[in-house]
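Overview (structure and organization)
What follows is the residue order along each chain.
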Amino acid sequence: MSEERSLNFLEEIIEADIAAGKNDGHVQTRFPPEPNGYLHIGHASSIVLNFGLAQKYHGKCNLRFDDTNPATEETEYVESIKNDIKWLLQGTGMKWANELYASDYFEQIYTFATDLIMKGLAYVDDSSAEEIAATKGSTTAPGTNSPYRDRSIEENLQLFAAMRAGKYADGEKVLRAKIDMGHPNLLLRDPVIYRIKHAHHHRTGNAWCIYPMYDFAHGQSDSIEHITHSICTLEFIHHRPLYNWFIEQLGIFPSHQYEFARRNLSYTVMSKRKLLQLVNENYVTGWDDPRMPTISGMRRRGYTPEALRQFCDTIGVARRENVVDLSLLEFCVREHLNKSSDRVMAVLDPVKLVITNYPEGQEDLFDVENNPEDGTGSTRKVPFSREVWIENEDFMEVAPKKFFRLAPGQMVRLKGAYIIKCDDFKKDENGKITEIYCSYLPESKSGKDTSGLHVKGTIHWVSVQHAHTAEVRMYDRLFSVEDPATAEGDFKDHINPNSIEVLPAAYIEPSLATAEAGKQFQFLRKGYFCVDKDSQPGKLVFNRTVTLKDAWVKEMKKA
């Protein structure tokens with residue numbers, strides 16, 4: 001049974017609301033992504049939080065797309081977001097109660113804007129964006145009123161209707177809330193709430209040419225859906241007074257906004273703009289490149305939804321922003337894959353080993369355990385023959401004292417098979433080892449060993465006769481510095497040149513030949529790997545998900 005953890009501050013707020021009988025004890029949350037890019041690990045925290053709170057308090061969570069900017073939104077992003085959420089929440093029982101869009105409410109939001117005009121709380125402004133910015137003032141000086149601020153209600157209604165009818169060009173007019181140009185919070189200095197944008201919308205087509213700004217659409221959409229706890233990241237804390245002002249002036253359902261701190265991740269960037277740059281400028285192969293911090297990239301790399309949810313739970317919810325070490329995420333991935341993935345044998349940097357006293361043409365089939373952690377004791381058949389591939393690094397011509405793998409005169413066990421002794425080896429003209437010659441002890445068969453020998457080293461292998469070839473992509477961290485967004489120069493200057501190494505011809509055991517895309521394995525002694533979607537029959541591609549141990553800790557200590 002897991003340890004009881006203390007409530008986070010959002011749970012404390014919700015429990016206090018329930019105890020006070022607010023909203024009849026009902027909890028309604030929402031996850032409101034903008035469909036202008038793929039979800040990343042930061043969104044994963046928000047998904048787990050919003051859906052988790054709804055589940056814990058027997059409420060509901062809506063999926064609502066904030067599709068108020070037609071110039072940047074695409075149906076591709078909508079579908080990818082839905083797929084990512086379903087994948088992340090699989091097996092939890094959590095799912096969205098309703099799939100909604102801010103565009104569902106365009107008519108209602110337009111009516112809300114008209115209501116503000118009729119109350120004398122909104123006006124049409126002909127000023128340019130530059131002119132509006134120039135009159136905003138500063139944190140130490142008040143703004144100045146627009147020359148159009150005192151238009152009559154009738155004129156504003158007429159002009160706003162003409163904006164909707166398409167009579168004006170982009171930027172020619174905007175609708176602004178009439179609040180206070182001297183307000184200490186600059187966001188309340190007559191903010192723009194509608195702008196003209198003649199652009200095709202992914203859902204409403206060309207029905208609209210005016211669109212509400214996020215600050216106006218957000219709270220009103222929450223209110224329409226009776227969201228009780230609207231949870232945002234900390235950068236929206238200064239928007240909350242405006243959120244409340246609109247709701248109060250319109251007299252609609254009083255949704256409440258609460259903020260939690262964004263969690264940034266080391267050795268990557270989380271800005272959608274920067275991620276889009278990486279994609280568009282071909283630094284990566286796409287949004288689902290396994291080096292990207294996107295949910296789809298992590299899924300392709302071999303991360304599991306259980307590991308991502310564990311990571312989100314581990315970092316928790318806080319009020320102060322900080323950077324989370326990528327090593328913690330990798331730890332969660334290792335921990336889950338250690339329990340869930342089968343152990344298999346693959347040789348990534350091969351050298352041939354010949355067992356000279358093993359009869360030519362003879363084969364053995366060994367029962368090798370799949371996963372010692374899953375408790376099932378299941379095994380698979382692994383074929384063995386006179387010639388096997390082993391890793392180059394498992395042989396040394398001149399071995400140091402504590403090298404327990406192969407060297408002239410030394411013995412090791414071939415995993416699940418026999419003890420062998422190195423008798424000789426062959427080099428090419430460049431001094432590279434091309435073949436290793438060994439003899440085996442027939443009485444040392446794994447599970448039936450009567451040799452009485454105890455060797456310290458065990459190495460993995462793949463039978464030459466039965467091996468299949470695969471491409472292996474050795475992924476590492478995308479950036480070489482901890483915080484590329486704040487490092488000197490352009491963030492792209494810090495891309496890790498070794499973030500991918502492609503091994504075109506690794507040898508894998510035959511049980512892997514039919515592995516399907518997305519399936520995860522532990523390559524014994526090498527790390528965790530996942531079958532990539534680029535795989536084809538007879539030509540598998542594996543992505544390294546994560547190393548067996550945190551190699552970066554050693555590198556940082558060296559530095």
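Shown above is the structure to which this text applies.
From a predicted model like this one, the values you see are computed outputs, not experimental measurements. (Residues numbered from 1 in each chain as written. Predicted model: local features only at pLDDT ≥ 70, side-chain atom pairs only at ≥ 80, totals over all residues. Heavy atoms only, no water.)

With antiparallel pairing, the four strands of this open sheet are ordered in space as S4-S5-S6-S7. On the outer flanks of this sheet lie strand S4 (122-125) and strand S7 (210-212), each paired with one strand and no other. The average angle at which neighbouring strand axes cross in this sheet is 20°, direction not considered. Note: strand S6 (residues 192-196) against S7, three bridges, orientation antiparallel. Of the residues in S7, the one forming a bridge with Arg195 is Tyr211. (Pairing = 2+ DSSP bridges. Helix = DSSP H or I, 4+ residues; strand = E, 2+ residues; numbered from the N terminus. Axes fitted to C-alpha atoms, helices over the stretch in contact; angles between N-to-C directions.)

Next up on the list: helix H2 (residues 41-56). Because each turn of an α-helix spans 3.6 residues, side chains separated by three or four positions end up pointing in the same direction. The end-to-end C-alpha distance of H2 is 22 Å, a good match for the 22 Å that 16 residues give at a rise of 1.5 Å each. After H2 finishes, the residue His58 shows a positive phi value of roughly 55°. (Expected span 1.5 Å × (residues − 1).)

Take the packing of aromatic side chains next. Taken as a whole and judged by the stated rule, the model has 26 aromatic pairs. Ring plane angle 10° and centroid distance 5.4 Å describe the contact between Tyr38 and Trp287, whose orientation is recorded as stacked. Of the two residues, Tyr38 is situated in the loop between strand S1 (28-31) and H2 and Trp287 in the loop between helix H9 (272-280) and helix H10 (295-301); the sequence distance between them amounts to 249 residues. Comparing Tyr38 with Trp287, the two get one shared label, buried. A ring pair is formed by Trp389 and Tyr507, whose centres lie 4.4 Å apart and whose planes are at 5°; its orientation type is stacked. Of the two residues, Trp389 sits in strand S17 (residues 387-391) while Tyr507 sits in strand S24 (residues 500-508), which places them 118 residues apart along the sequence. Members of the aromatic cluster, connected to one another through ring pairs, are Phe106, Tyr110, Phe160, Tyr194, Trp208, Tyr211, Phe216, Trp245 and Phe246. Taking the ring centre of Tyr110 as reference, the NZ or CZ of Arg164 above it sits at 4.6 Å. Positioned above the aromatic ring of Phe491, the side-chain terminus of Lys274 is 5.6 Å from the ring centre. (Phe/Tyr/Trp six-rings, centres within 6.5 Å; stacked < 30°, edge-to-face > 60°. Buried < 20%, exposed > 50% of the residue type's maximum accessible area, 1.4 Å probe, protein only. Lys NZ or Arg CZ within 6 Å of the ring centre and 35° of its normal.)

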